Amino acid sequence: MPRSTGTFMERLEKGPVIGDGGFVFALEKRGYVEAGPWTPEAVIEHPEAVKQLHREFLRAGADVCQAFTFYASEDKLNNRGHGAGKHGVYGINEAACKIVREVSYPEGALIAGGVSQTPTYLTAVSPEEVKAEVKKQLKVFKEQKVDLMIAEYYEHVEEAEWHVQAIKEYMPDTPVCASLAINEDSDVHGVPTGECGVRLVKAGADVVGVNCHFDPFRCIAAVVKMRDAIKAAGLKCQFMVQPLGYWTPDASVQGFIDLPEFPFALEPRIMTRWDMHRYAREAWDAGIRFIGGCCGYEPYHIRAVSEELSEERGGYLPFNGVRWGQCLQKHTKPWVRARAHREYWETLNPGTGRPYSASLSKPDTWGITAGHELVQQHTTGTTEEELKKGAEFKVQHKAAAVAN
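Residues numbered from 1 in each chain as written. Predicted model: local features only at pLDDT ≥ 70, side-chain atom pairs only at ≥ 80, totals over all residues. Heavy atoms only, no water.

1. A short note on the pairing of strand β5 (residues 176–180)
Consideration 1: A large share of β5 lies buried, amounting to five of its five residues.
Consideration 2: Neither face of β5 is left uncovered, since the one carrying Val176, Ala178 and Leu180 and the one carrying Cys177 and Ser179 both have all their residues buried.
Consideration 3: With four bridges connecting them, strand β4 (residues 148–154) and β5 associate as parallel partners. Bridging across to β5, alanine 151 finds its partner in alanine 178.
Consideration 4: In this fold, the crossover linking β4 to β5 by way of helix α9 (residues 157–170) has right-handed handedness.
Consideration 5: Traced from β5 through helix α10 (residues 193–203) to strand β6 (residues 207–211), the parallel crossover comes out right-handed. (Buried < 20%, exposed > 50% of the residue type's maximum accessible area, 1.4 Å probe, protein only. Helix = DSSP H or I, 4+ residues; strand = E, 2+ residues; numbered from the N terminus. Pairing = 2+ DSSP bridges. Right-handed = clockwise from strand over helix to strand, strands pointing away.)

Right, here's the structure in full:
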């Protein structure tokens, strides 16, 4: 069966629309993205790597492929001595759009432009400054006529509102998805999650939800809070979720970046494809229609999401679907062939293989965000004095935690 057809909003009315996965983490593991800045200059420096990852998510069943423009604002490209700014906002976004269009349109998929949180918000005094950074990115997306815009990865609903407003002002006819990186309770400034959803709809978002920072089931819980609050406010929209591919039951309000394993030791937390089947089903049952992934998601995760919702997608299946392990019927070993059914994988409690490993971690929970001295951003590199202040704060914070 072919993919669904029509505009993005029309496809959402018909059934689930599957998103892709997290490019910065996937490409960092492959050696094409620098951890820390997490910026997308690979679209210029290593375009074939980006193109191949788009292909893999498409084969896995993605209906929407997002141009790899995460963190491509001018202020982020030049933040703390980072050199990606030499390529320019326009150059990076144009290259990203051309790559994703070349790969996606022949397969019947849609393309999304994307913007995300900016360093300017952490130091800005007005929404106009933040909107100016956003509009620098939008010129290419408007010229390239993307099918939708995704405004994602905001820890503060206020910044997300400003970004949505900027997109609607500059691209009024383009559907806007707005997604926060928050938990079930509130954003980082303490605005309740349900209220965040209401504010995004009032700002002009057509689709609202949560992405990154938390595992699928915490993200679904957060979107349900938004759904209920939006309904109670008499408003309407569609809903989305693009969570981490990692378990984060122990993450604080700052999400997985607060975990001591971030970003180089998260592998023991990776979710299985069977976790993805459960995630896809629970998201759909919660009324969420745009279902994808963020950091930690590889194509096989999206393939599992696509397989789980095949019936709701009119019978569409990705390439080489696993079909709950039926492919194992061809295995040479009988005990492996005995695993070729749904009940085995659905009830499996996998071991980690890590002797004496801890099941949970203690988050750093520094509790600082926009307005704090240590969060101020600048174009020059991080100084020794800043590193010293950070180390001193950590010691003081730990001592205070012990005292309490």
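More follows now that the structure is in view.
2. A word on the nonpolar core
Consideration 1: Counting 99 residues, the largest nonpolar core has Phe68, Val115, Leu180, Phe256, Tyr279, Ile288 and Ile291 as its most contacted members.
Consideration 2: Here the element with the most residues in this core is helix α6 (residues 89–104); it accounts for eight residues.
Consideration 3: Sequence-distant contacts of tyrosine 279, defined by excluding residues within four places in its chain, comprise Pro216, Phe217, Ile220, Val241, Pro243, Ile291, Gly292, Tyr297 and Val305. (Core = buried A, V, L, I, M, F, W, Y, C linked by side-chain atoms within 4.5 Å. Contact = heavy atoms within 4.5 Å.)

3. Focus on the packing of helix α8 (residues 127–144) against α9
Consideration 1: Contact pair α8 / α9: the axes reach a minimum separation of 9 Å and the direction vectors enclose 45°. By the angle class used here, α8 and α9 are oblique. Pair α8 / α9 crosses with right-handed handedness. Within the contact between the two elements, α8 uses Pro127, Val130, Lys131, Val134, Lys135, Leu138, Lys139 and Lys142 and α9 uses Glu159, Trp162, His163, Gln165, Ala166, Ile167, Glu169 and Tyr170.
Consideration 2: Tallied by class, residues from the contact of α8 with α9 come to eight nonpolar, two polar and six charged. (Axes fitted to C-alpha atoms, helices over the stretch in contact; angles between N-to-C directions. Parallel < 35°, antiparallel > 145°, perpendicular 65-115°, else oblique. Left-handed = near helix turned anticlockwise from the far one by under 90°. Nonpolar A, V, L, I, M, F, W, Y, C, P; charged D, E, K, R; others polar.)

4. Focus: the packing of helix α4 (residues 47–59) against α6
Consideration 1: It is the contact of α4 with α6, at a shortest axis distance of 10 Å, that shows an interaxial angle of 40°. The angle between α4 and α6 falls in the class oblique. The handedness of the crossing between α4 and α6 is right-handed. Residues Pro47, Val50, Lys51, His54, Arg55 and Leu58 of α4 form the contact with α6, whose participating residues are Ile99, Val100, Glu102, Val103 and Ser104.
Consideration 2: A breakdown of the residues in the contact of α4 with α6 according to their chemical character gives six nonpolar, two polar and three charged.

5. Quick notes on the side chain of aspartate 215
Consideration 1: Of note, aspartate 215 is situated in the loop between β6 and α11 (216–232).
Consideration 2: Buried within the structure, aspartate 215 lacks any salt-bridge partner; arginine 218 is the closest side chain of opposite charge, at an N-O distance of 5.4 Å.
Consideration 3: Not counting residues within four places of it along the chain, the set of residues in contact with aspartate 215 comprises Pro243, Leu244, Tyr246, Trp247, Thr248, Pro249 and Met271. (Lys, Arg positive; Asp, Glu negative; His and termini not counted. Salt bridge = Lys/Arg side-chain N within 4 Å of Asp/Glu carboxyl O.)

6. Thoughts on α10
Consideration 1: Buried residues dominate α10, accounting for eight of its 11 residues.
Consideration 2: Inspection of α10 places Thr193, Gly194, Cys196, Gly197, Val198, Leu200, Val201 and Ala203 among the buried residues, and these make up the whole buried set.
Consideration 3: Where α10 is buried, its residues contact α9, β5, β6 and α11.
Consideration 4: After α10 finishes, the residue glycine 204 shows a positive phi value of roughly 120°.

7. So, the packing of aromatic side chains
Consideration 1: A complete count under the given rule lists 19 aromatic pairs for this structure.
Consideration 2: Ring geometry for tryptophan 274 versus tryptophan 345: centroids 5.4 Å apart, planes at 20°, classification stacked. Separated by 71 residues along the polypeptide, tryptophan 274 in helix α12 (residues 273–285) and tryptophan 345 in helix α15 (residues 342–347) bring together distant segments of the chain.
Consideration 3: By relative accessible area, tryptophan 274 is classed as buried at 14%.
Consideration 4: On the basis of relative accessibility, which here comes to 17%, the residue tryptophan 345 falls in the buried class.
Consideration 5: The structure contains a cluster of three or more aromatic residues connected by ring pairs, namely Phe25, Trp38, Tyr246, Phe256 and Phe262.
Consideration 6: The side chain of arginine 278 reaches across the aromatic face of phenylalanine 217, ending 3.7 Å from its centre.
Consideration 7: The ring of tryptophan 284 carries arginine 289 above its face, with NZ or CZ at 3.6 Å from the centroid. (Phe/Tyr/Trp six-rings, centres within 6.5 Å; stacked < 30°, edge-to-face > 60°. Lys NZ or Arg CZ within 6 Å of the ring centre and 35° of its normal.)

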